[in-house]
Protein chains: 2
Amino acid sequence: MAAYKDLSKEELLGLKADLEKEFKKVKAKGIKLDMSRGKPSTEQLNLSMEMMDVLTSKSDLVCTEGVDCRNYGVLDGIKEAKQLLADMMEVPKDNIVIFGNSSLNVMYDTIARSMTHGVMGSTPWCKLDKVKFLCPVPGYDRHFAITEYFGIEMINVPMTPTGPDMDIVEKLVSSDPAIKGIWCVPKYSNPQGITYSDETVHRFAKLNPAAEDFRIYWDNAYGIHHLYEDKQDHLIEIFMECKKEGHPDMVYKFASTSKISFPGSGIGAIAASDANLADIRNQMKIQTIGHDKLNQLRHARYFGNIHGMVQHMKRHADIMRPKFDAVLNTLETELGGLEIGSWIAPRGGYFISFDSMEGCAKAIVAKAKEAGLVMTDAGATFPYGRDPKDSNIRIAPSYPTLEEIREAAKIFVLSVKLVSIDKILESK
Amino acid sequence: MAAYKDLSKEELLGLKADLEKEFKKVKAKGIKLDMSRGKPSTEQLNLSMEMMDVLTSKSDLVCTEGVDCRNYGVLDGIKEAKQLLADMMEVPKDNIVIFGNSSLNVMYDTIARSMTHGVMGSTPWCKLDKVKFLCPVPGYDRHFAITEYFGIEMINVPMTPTGPDMDIVEKLVSSDPAIKGIWCVPKYSNPQGITYSDETVHRFAKLNPAAEDFRIYWDNAYGIHHLYEDKQDHLIEIFMECKKEGHPDMVYKFASTSKISFPGSGIGAIAASDANLADIRNQMKIQTIGHDKLNQLRHARYFGNIHGMVQHMKRHADIMRPKFDAVLNTLETELGGLEIGSWIAPRGGYFISFDSMEGCAKAIVAKAKEAGLVMTDAGATFPYGRDPKDSNIRIAPSYPTLEEIREAAKIFVLSVKLVSIDKILESK
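The shown structure was predicted, so the numbers you read here are calculated from the model rather than taken from an experiment.

## Observations regarding the overall build of chain A
Part 1 of the argument: Counting its regular elements, chain A contains 13 helices and 13 strands.
Part 2 of the argument: Taking 2.2 N^0.38 as the reference for a compact globule, 428 residues should give roughly 22 Å; the C-alpha atoms of chain A span a radius of gyration of 23 Å, in line with that estimate.
Part 3 of the argument: In terms of principal-axis extent, the alpha carbons of chain A reach across some 75 × 55 × 35 Å.
Part 4 of the argument: Relative to its 428 residues, chain A shows a buried fraction of 62%.
Part 5 of the argument: For chain A, the share of sequence-separated contacts (at least 6 apart) that also reach a separation of at least 24 residues comes to 77%.
Part 6 of the argument: With 53 positive and 58 negative side-chain charges, chain A shows a separation of 3 Å between the mean positions of the two kinds.

Below, the structure is given as structure tokens:
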């Protein structure tokens, strides 16, 4: 196909008329599809159903360290859960603290604690005139929501195919003591599916922050969430790298089993240096007596070890892969060569990121909604919900069925085409 | 027995020699007993074992409102869990928000949020020069730990047999805008087992705080935790009282199922006015996508309704009652008439509070420890761990077996006697 921009006004108008007919037909089907969030599908949830049978009234509910998991106690997680999550997060088991059901909650609490109590003895952020965070964009809306909620100024840092633009990161972090953190989804990033390159990770570990309480917020949400057996990204483990570079305290790693077992009923964790964890435990012991140990035990016994978890993830991949392939094929077949949008084929994670022509994203999402397809709000992948180019759209193919995904992809490309034609016509 | 203070020096020395022999014998047994925390016993935990069979791989895990409890979603709790906890907390189901496994965590988060964001639009407490809390004493150490952690100044308010001294509460709350809250365990209080009288609750509801963001922190931890079928305390429901008095926003109620199902694997909740809950949800939606719905469903299906829960609590009472009776009988038999200590026989809750002669509590706890009995640290029931009279000791009879409790009670009264004799001898 020729690029739309090279078509004449008449050709575009003709094309538009045809596409509108097509759109009308699709709309008439009265479809209702939600591709807005990275939710696992029912089929994926079914994969973990046997987890419900792991603990019964006949089970011994005492964990390896001899603690009755039904009672109070064990602030930072039972040993077998720590071992499992440590292996998943590629850190020593003593550098893990297990929390409740949500790593988002752990991240929120980490920022909240820094606001009121600082970081390892630093001035509480609420006592400072200005606190800033770097936000690689596009990124995860819930990260940005946390920093926005606490009045932290967010600075956009563009993503590149190898991770955040490290020239900018290095310059800002080393010069501005008000910059206290950077949000990272380093593997199969949300929404682009980009994995940070070795060089990027090394440059992160070598950062020399102006602020002693600067931390890298390393949300490795998709660490083992591959789509393919033969094509997998590899991410260098940052905690060890920071240690090697003499900055053991510079990184907090976050992860959870939300998209491994059950979202909302999984277990979340933080990994960090001894000094950071001592700081965290000092607060944690005031906040709680301990998190849900029975659910920790349930997870540890169900997966057995990291190998069990990796096998389990292959079954997730088998369900996810065809959906991603369906979207990517439709994008390629329908939009390839038209020069009205670009995207990256990810090798894992939960999203495909689409960049439309400038000024079209909101209109495309609105158009798709007209035909019954709900997508993530345009702009959501940027701090304050403001995409300066109005161009990024996050596609979340996990939740609908494969059948529905095919339908959704069609609606999406139709919407992209129609909005893009209007945009091009404006300047003809 | 004659009061110790009326005995001669010689009589006391003779008594002391006998008691020391007895103590030596007990010590030689090498007992190891922990009566320090309000932990349910293994026998009590066994009561809820069938809860582990409620959800299996064959179960329908969709809740009544049609949500798959395995997936993301439902910020503030599934309907059936709300109904159960609402009935337990005696409030309308729409005035409940369900949280994770710990009401302590909910209380912590409530204070943390007030620090950084204020209460319903008030100035964030971290921006104020001074924030104060009233602390009825003796009280719950973990409450005091939260306010201490946030640098909130704690003001002791003496407990009376009908609740906190309301003359003092009224005077302070109405005159000092820095006073933002009061910690209350209104039923079977920790540690005294006192239930606030009708008059006390009415006076709470009628408070006219100088601070618009003053809240009563009503931790009804033992609302249905009776010891006896025939002798039960009744507590007036405060949320409705506050509403009647035109102060619907003045109270936060907290509770959990920790000592009903499994400590650490139960569900916690807050009950408050619509306006308060809107404020709370605004923060909660940033902090989490939602808490563990499978555990909510497990609880709702296991108990069925509040009647099931009440029946369940009778079985807890059957296990707890003999332990309380054993301690109370030993106190009465061994210490009655000696005028070296006083206590209240509670009708529910988890504790017996003992007041020794002034200046003896620390020594008694140390003495008991010598014989292998670990009790709650003396002073722990006061803010900053400082009991001005060094007199209050919290006895927690729930965890040990009945056999052990009898042994523990003996060690305790021996320790009280020995320390008291020394004290009296000082002034002879």
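## Digging into the relation of the copies chain B and chain A
Part 1 of the argument: Once turned by 180° and shifted 0.0 Å along the axis, chain B lies on chain A with an RMSD of 0.0 Å. Taken together, the turn and the small shift mark the pair as related by a two-fold rotation axis.
Part 2 of the argument: Counting the interface residues of chain B, we find that 100% of their copies in chain A are interface residues as well, pointing to one common contact surface.

## Focus on the nonpolar core
Part 1 of the argument: If you look at the biggest cluster of nonpolar residues, it comprises 115 residues, and the most contacted ones within it are F204, I216 and W218 of chain A together with F204, I216 and W218 of chain B.
Part 2 of the argument: Discounting chain neighbours no more than four positions away, the residues touching W218 of chain B are C184, P186, Y196, V201, F204, L235, I238, V251, Y252, K253 and F254 of chain B.

## Digging into the packing of aromatic side chains
Part 1 of the argument: Enumeration according to the criterion identifies 36 aromatic pairs over all chains in this entry.
Part 2 of the argument: With centroids separated by 5.3 Å and ring planes inclined at 65°, the aromatic side chains of W183 of chain A and Y217 of chain A adopt a geometry described as edge-to-face. With a gap of 34 residues between them, W183 of chain A in strand β6 (residues 179–184) and Y217 of chain A in strand β7 (residues 215–219) connect regions that are remote in the sequence.
Part 3 of the argument: Given a relative accessible area of 3%, W183 of chain A falls into the buried group.
Part 4 of the argument: Classification of Y217 of chain A by relative accessible area gives buried; the value is 0%.
Part 5 of the argument: Judged by centre distance (5.6 Å) and plane angle (80°), the ring pair of F204 of chain B and W218 of chain B falls under edge-to-face. Of this pair, F204 of chain B sits in helix α7 (residues 198–205) while W218 of chain B sits in strand β7 (residues 215–219); the two residues are 14 residues apart in sequence, bridging distant segments of the chain.
Part 6 of the argument: Look at F204 of chain B and you get buried, because its relative accessible area is 0%.
Part 7 of the argument: Taking the relative accessible area as the measure of exposure, W218 of chain B reaches 1% and is therefore buried.
Part 8 of the argument: Counting every residue linked through ring pairs, the aromatic cluster contains W125, F133, W183, Y217, Y252 and F254 of chain A.
Part 9 of the argument: The cationic tip of K259 of chain A hangs over the ring face of Y350 of chain A; the distance from NZ or CZ to the ring centre is 5.3 Å.
Part 10 of the argument: It is K39 of chain B that lies over the ring of Y399 of chain B; its NZ or CZ is 4.8 Å from the centre.

## Description of helix α12 (residues 361–370) of chain A
Part 1 of the argument: Among all positions in α12 of chain A, only A361, I364, V365, K367 and A368 of chain A are buried. In an axial view of α12 of chain A, the angular spread of the buried residues amounts to 160°, which keeps them on one side of the axis.

## Observations concerning the interface of chain B and chain A
Part 1 of the argument: Counting from both sides, the interface comprises 59 residues of chain B and, opposite them, 59 residues of chain A.
Part 2 of the argument: In total, chain B and chain A occlude about 4900 Å² of area from one another, counting both sides; carbon and sulfur atoms represent 54% of this.
Part 3 of the argument: Counting across the interface, chain B meets chain A through 0 salt bridges.
Part 4 of the argument: Applying the counting criterion to the chain B and chain A interface returns 22 residue pairs in polar contact (both at pLDDT 80 or more).
Part 5 of the argument: Elements supplying a minimum of two residues to the side of chain B that touches chain A: α2 (42–47), α4 (103–117), α5 (141–149), α9 (274–287) and α10 (293–303) of chain B.
Part 6 of the argument: Within the side of chain B that touches chain A, the residues separate by chemical class into 23 nonpolar, 22 polar and 14 charged.

## Some thoughts on the pattern of salt bridges
Pairing between side chains of opposite charge can happen when the charged atoms of each approach one another.
Residue and element names in this part refer to chain A.
Part 1 of the argument: Scanning the entire structure with this criterion turns up 48 salt bridges over all chains.
Part 2 of the argument: The residue K27 makes a salt bridge to E370 at a minimum N-O spacing of 3.4 Å. Of the two residues, K27 sits in helix α1 (residues 9–28) while E370 sits in helix α12, which places them 343 residues apart along the sequence.
Part 3 of the argument: Note that E229 and K314 form a salt bridge whose closest N and O atoms lie 3.6 Å from each other. With E229 in the loop between β7 and α8 (238–244) and K314 in helix α11 (residues 306–335), this residue pair connects regions lying 85 residues apart in the sequence.
Part 4 of the argument: Relative accessible area serves as the criterion here: at 56%, E229 is assigned to the exposed category.

## Here we look at the state of the cysteines
Residue and element names in this part refer to chain B.
Part 1 of the argument: The final tally for this structure, using the stated rule, is 0 disulfides over all chains.
Part 2 of the argument: Unpaired in terms of disulfides, C135 finds its nearest cysteine sulfur in C184, a separation of 9.8 Å.
Part 3 of the argument: In this structure C135 comes out as buried when scored by relative accessible area, which is 0%.

## Digging into the pairing of strand β9 (residues 268–271) of chain A
Note on strand geometry: in a regular strand, side chains alternate between the two faces of the sheet.
All names here are of chain A.
Part 1 of the argument: The side-chain alternation of β9 yields two buried faces, one formed by G268 and I270 and the other by A269 and A271.
Part 2 of the argument: Pairing of strand β2 (residues 96–98) with β9 involves 3 bridges; the strand directions are antiparallel. Paired with V97 across the bridge in β9 is I270.
Part 3 of the argument: Pairing geometry for strand β8 (residues 251–256) and β9, over 4 bridges, is antiparallel. When the bridges of β9 are listed, S256 appears paired with G268.

## A look at helix α7 (residues 198–205) of chain A
Residues and elements named next belong to chain A.
Part 1 of the argument: Of all the positions in α7, only T200, V201, F204 and A205 are classed as buried. Projected down its long axis, α7 shows its buried positions confined to an angular sector of 135°, all on one face.
Part 2 of the argument: Packing partners of the buried residues in α7 comprise β5 (163–164), α6 (166–175), β6, β7 and α8.

## Some details on the sheet that holds strand β3 (residues 132–137) of chain A
Residues and elements named next belong to chain A.
Part 1 of the argument: Strand order in the open sheet made by the 8 strands is β2-β9-β8-β7-β6-β3-β4-β5, with mixed pairing throughout. Looking at which strands have only one partner, the edges of the open sheet turn out to be β2 and β5.
Part 2 of the argument: Seen against the sheet, helix α5 (residues 141–149) touches β3, β4 (153–160), β6 and β7 and runs at an angle of roughly 160° to β6.
Part 3 of the argument: Where helix α9 (residues 274–287) meets the sheet, its contacts fall on β2, β7, β8 and β9, and the angle it forms with β2 comes to roughly 20°.

## Remarks on the sheet that holds strand β6 (residues 179–184) of chain B
Residues and elements named next belong to chain B.
Part 1 of the argument: With mixed pairing, 8 strands are arranged side by side in an open sheet as β2-β9-β8-β7-β6-β3-β4-β5. Each end of this open sheet is capped by a strand with a single partner; those strands are β2 (96–98) and β5 (163–164).
Part 2 of the argument: When β6 meets β7, the two strands line up parallel, connected through 4 bridges. In the strand pairing of β7, C184 is matched with W218.
Part 3 of the argument: Each of β2, β7, β8 (251–256) and β9 (268–271) touches α9; the most contacted strand, β2, lies at about 20° to it.

## Focus on the side chain of Q296 of chain B
All names here are of chain B.
Part 1 of the argument: Mapped onto the fold, Q296 is located in helix α10.
Part 2 of the argument: Residue Q296 is classed as buried on the basis of its relative accessible area, which comes to 1%.
Part 3 of the argument: In this structure Q296 touches G77, I78, A81, I98, F99, I267 and H291, once residues within four positions along its chain are discounted.

Cut-off values and rules
Residues numbered from 1 in each chain as written. Chains lettered and ligands numbered in written order. Predicted model: local features only at pLDDT ≥ 70, side-chain atom pairs only at ≥ 80, totals over all residues. Heavy atoms only, no water. Helix = DSSP H or I, 4+ residues; strand = E, 2+ residues; numbered from the N terminus. Rg over C-alpha atoms; globule rule 2.2 N^0.38 Å. Buried < 20%, exposed > 50% of the residue type's maximum accessible area, 1.4 Å probe, protein only. Contact = heavy atoms within 4.5 Å. Lys, Arg positive; Asp, Glu negative; His and termini not counted. Charge placed at Lys NZ, Arg CZ, Asp CG, Glu CD. Least-squares fit on C-alpha atoms with pLDDT ≥ 70 in both. Core = buried A, V, L, I, M, F, W, Y, C linked by side-chain atoms within 4.5 Å. Phe/Tyr/Trp six-rings, centres within 6.5 Å; stacked < 30°, edge-to-face > 60°. Lys NZ or Arg CZ within 6 Å of the ring centre and 35° of its normal. Arc of directions from axis to C-beta. Buried area = accessible area lost by both parts, 1.4 Å probe. Salt bridge = Lys/Arg side-chain N within 4 Å of Asp/Glu carboxyl O. Polar contact = N/O pair within 3.5 Å; in protein donor to acceptor, adjacent residues only side chain to side chain. Nonpolar A, V, L, I, M, F, W, Y, C, P; charged D, E, K, R; others polar. Disulfide = S-S within 2.5 Å. Pairing = 2+ DSSP bridges. Axes fitted to C-alpha atoms, helices over the stretch in contact; angles between N-to-C directions.

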